[in-house]
Amino acid sequence: DMKGKKSLFKCVHGSFLYGLNTEKSDQDFKGIVLPSKEELLNNSAPTTSYQEKTNSGKQKNTQEDTDTEWFTLKGFFRLCIEGQTVASEMLFCPKNLYVESSPEWEEIITNR
């Protein structure tokens, strides 16, 4: 649930990021959020990410399905420190594949 969270960035990911999508490809997105005030106050924010999926997981995704993985800002920076590929893909995603951006994200990529 994204209620109360502030989106800093969201981009196309997966086969669409690499231009390898077909007419049967599902859509994948990656994003970065600040947890809600309640999660911060209760120390209940996930350490890594939130998942949003249109598919229940009982069958293979179709072109109708979308998967979005939202990393917390802290989780994203941890991925950067670890040298994880997903962090590099987000940091160097072409701007034409951005779905959402923010001044905070622009500051991050300026200093990447």
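Being a predicted model, the structure only gives us computed values, none of them experimental. (Residues numbered from 1 in each chain as written. Predicted model: local features only at pLDDT ≥ 70, side-chain atom pairs only at ≥ 80, totals over all residues. Heavy atoms only, no water.)

Asker: Which parts of the structure should I look at to understand helix H3 (residues 73–82)?
Answerer: Spacing of three or four residues puts side chains on the same side of an α-helix, whose turn is 3.6 residues. Among the residues of H3, those classed as buried are Gly75, Phe76 and Leu79. Along H3, the residues classed as buried sweep out an arc of 100° about the axis, all on the same side. Residues Lys74 and Ile81 are exposed on H3 and point more than 90 degrees away from its buried face. Among the structural elements, strand S2 (27–34), strand S4 (66–72), helix H4 (85–91) and helix H5 (103–110) are those in contact with the buried residues of H3. (Buried < 20%, exposed > 50% of the residue type's maximum accessible area, 1.4 Å probe, protein only. Helix = DSSP H or I, 4+ residues; strand = E, 2+ residues; numbered from the N terminus. Arc of directions from axis to C-beta. Contact = heavy atoms within 4.5 Å.)

Asker: It is not clear to me how the side chain of Glu39 should be interpreted in this structure. Could you clarify?
Answerer: One can find Glu39 in helix H2 (residues 37–42). Overall, Glu39 belongs to the buried group, its relative accessible area being 13%. Of note is the side chain of Glu39, whose polar atom sits 3.0 Å from the backbone nitrogen of Ser36. (Polar contact = N/O pair within 3.5 Å; in protein donor to acceptor, adjacent residues only side chain to side chain.)

Asker: Please clarify how the pattern of salt bridges should be interpreted in this entry.
Answerer: Opposite charge on two side chains makes pairing possible when the charged atoms of those side chains draw close. According to the stated counting rule, one finds four salt bridges in the structure shown. Two residues, Glu104 and Lys6, come together in a salt bridge whose shortest N-O distance is 2.7 Å. Taken together, the residues span a long stretch of sequence, with Glu104 in helix H5 and Lys6 in strand S1 (residues 6–13) at a distance of 98 residues. Glu106 is the salt-bridge partner of Lys95, the closest N and O atoms lying 3.0 Å from each other. On the criterion of sequence distance, the pair formed by Lys95 in the loop between H4 and strand S5 (98–100) and Glu106 in helix H5 is long-range, its members being eleven residues apart. For Lys95, a relative accessible area of 53% puts it in the exposed group. On the basis of relative accessible area, Glu106 is assigned to the partly exposed category, the value being 27%. (Salt bridge = Lys/Arg side-chain N within 4 Å of Asp/Glu carboxyl O.)

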